[in-house]
Amino acid sequence: MPSTERATCEQFLRQLDRCLDGDLPGPEAAALEEHLEWCVRCAREHRFERALLDGVRRRLRAVRAPPGLRERIASLLAIL
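Attention here is on the structure that accompanies the text. Note on numbering: residues in each chain are counted from 1, in written sequence order. Predicted model: local features are reported for residues with pLDDT of at least 70 only, side-chain atom pairs are reported and counted for 80 or more only, and whole-chain, interface and lining totals are derived from all residues. Each side-chain value is derived from all of the structure's non-hydrogen atoms; neither hydrogens nor water enter the calculation.

### So, the overall build of the protein chain
Okay, step 1: Each helix corresponds to a stretch of at least 4 residues labelled H or I by DSSP, and each strand to a stretch of at least 2 residues labelled E; elements are numbered beginning at the N terminus. Secondary structure assignment for the protein chain yields four helices and zero strands.
Okay, step 2: Our radius of gyration looks at C-alpha atoms and nothing else; its globule reference is 2.2 Å times the residue count to the power 0.38. Taken over the C-alpha trace, the protein chain has a radius of gyration of 16 Å; the compact-globule value for 80 residues is 12 Å, which it surpasses by more than 25%.
Okay, step 3: Within the protein chain, the fraction of its 80 residues that count as buried is 22%.
Okay, step 4: Look at the contacts in the protein chain between residues 6 or more apart in sequence, and 57% of them connect residues 24 or more apart.
Okay, step 5: Note that accessible areas follow from Shrake-Rupley with a 1.4 Å probe, and for residues the cover is restricted to the protein chains shown. In the form shown here, the protein chain has an accessible surface area of approximately 6,200 Å², with 57% of it arising from carbon and sulfur atoms.
Okay, step 6: When the 14 positive and 13 negative side-chain charges of the protein chain are each reduced to one mean point, those points stand 9 Å apart. For every residue, the accessible area (1.4 Å probe, protein chains only) is compared with the maximum for its type, and the residue is labelled buried under 20%, exposed over 50%, or partly exposed between those bounds. In what follows, residue pairs with any heavy atoms lying within 4.5 Å of each other are defined as contacts. Here the positive residues are Lys and Arg and the negative ones are Asp and Glu; neither His nor the chain ends is included. For charged residues, the charge sits on one atom: NZ in Lys, CZ in Arg, CG in Asp, CD in Glu.

Following this line, the structure appears as structure tokens:
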């Protein structure tokens, strides 16, 4: 999406996961950030998804895993 083009709600929602993960190139990220400034609906969805993702991450950090499990999971994810 060119940075001069305003992102639509459909474009924003399609890219939401990548946006939350910080995986968007600069111009795309800037266009989506601009979209969040004026679109109340997408801003609400972004806040909800961000809070959900942050909550899951917090809970996962609190889980005690058997020795080596985290490393095995990380190596399996790296293959994907």
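### Some details on a nonpolar patch on the surface
Okay, step 1: Each patch is built from residues lacking any salt bridge and having more than 30% relative accessible area; the joining distance is 9 Å for like charges and 5 Å for nonpolar side chains (Val, Leu, Ile, Met, Phe, Trp, Tyr). Counted as salt bridges are all cases of a side-chain nitrogen of Lys or Arg within 4 Å of a carboxyl oxygen of Asp or Glu. A grouping of F48, L52, V56, L60 and V63 is seen on the molecular surface, where their side chains present a nonpolar patch of about 470 Å² in accessible area.
Okay, step 2: Mapped onto the elements, V63 comes out in the loop between α3 (40-62) and α4 (69-79).

### A few points about α3
Okay, step 1: By this rule the span expected of a helix is its residue count minus one, scaled by 1.5 Å. Given a rise of 1.5 Å per residue, 23 residues ought to cover 33 Å, and the 33 Å separating the end C-alpha atoms of α3 matches this to within 8%.
Okay, step 2: Every buried residue belonging to α3 is among C42, A43, H46 and G55, and all of these are buried.

### Describing the pattern of salt bridges
It is possible for side chains of opposite charge to pair when their charged atoms get near one another.
Okay, step 1: If you walk through the whole model with that rule in mind, you get three salt bridges.
Okay, step 2: For R50, the salt bridge is made with D54, and the minimal N-O distance between the two is 3.7 Å. In this pair, R50 and D54 both sit in helix α3, four residues apart, roughly one turn of the helix.
Okay, step 3: Overall, the relative accessible area of 28% leaves D54 in the partly exposed class.

### Let's talk about the environment of L52
Okay, step 1: Among the structural elements, L52 can be located in helix α3.
Okay, step 2: With relative accessibility at 45%, the residue L52 sits in the partly exposed group.
Okay, step 3: Considered as a pair, L52 and V40 are 12 residues apart in the sequence and their alpha carbons are 18 Å apart.

### Some details on the nonpolar core
Okay, step 1: Core analysis: the largest hydrophobic core is formed by 11 residues, namely A7, F12, L16, C19, L20, L24, L32, L36, C39, C42 and A43.
Okay, step 2: Those elements that place two or more of their residues in this core are α1 (9-21), α2 (26-38) and α3.
Okay, step 3: Once residues lying within four places of it in the same chain are set aside, the contact partners of L24 are Q15, R18, C19, A29 and L32. Nonpolar cores are built from buried Ala, Val, Leu, Ile, Met, Phe, Trp, Tyr and Cys residues. Side-chain atoms within 4.5 Å join them into one set.

### Here we look at the packing of α2 against α3
Okay, step 1: Helix axes are fitted to C-alpha atoms over the stretch in contact, other axes to C-alpha atoms as well, and angles between N-to-C directions run from 0 to 180 degrees. α3 packs onto α2 with a crossing angle of 110° between their chain directions and a minimal axis gap of 6 Å. Accordingly, the angle class assigned to the pair α2 and α3 is roughly perpendicular. In this structure, α2 meets α3 at a crossing whose hand is left-handed. Counting all contacts with α2, which are made through H35, L36 and W38, the residues of α3 involved are V40, C42, A43 and H46. Any angle between 65 and 115 degrees counts as roughly perpendicular, while under 35 counts as roughly parallel, over 145 as roughly antiparallel, and the rest as oblique. By the definition used in this description, the sense in which the near helix is turned from the far one sets the handedness, with an anticlockwise turn below a right angle giving left-handed and a clockwise turn giving right-handed.

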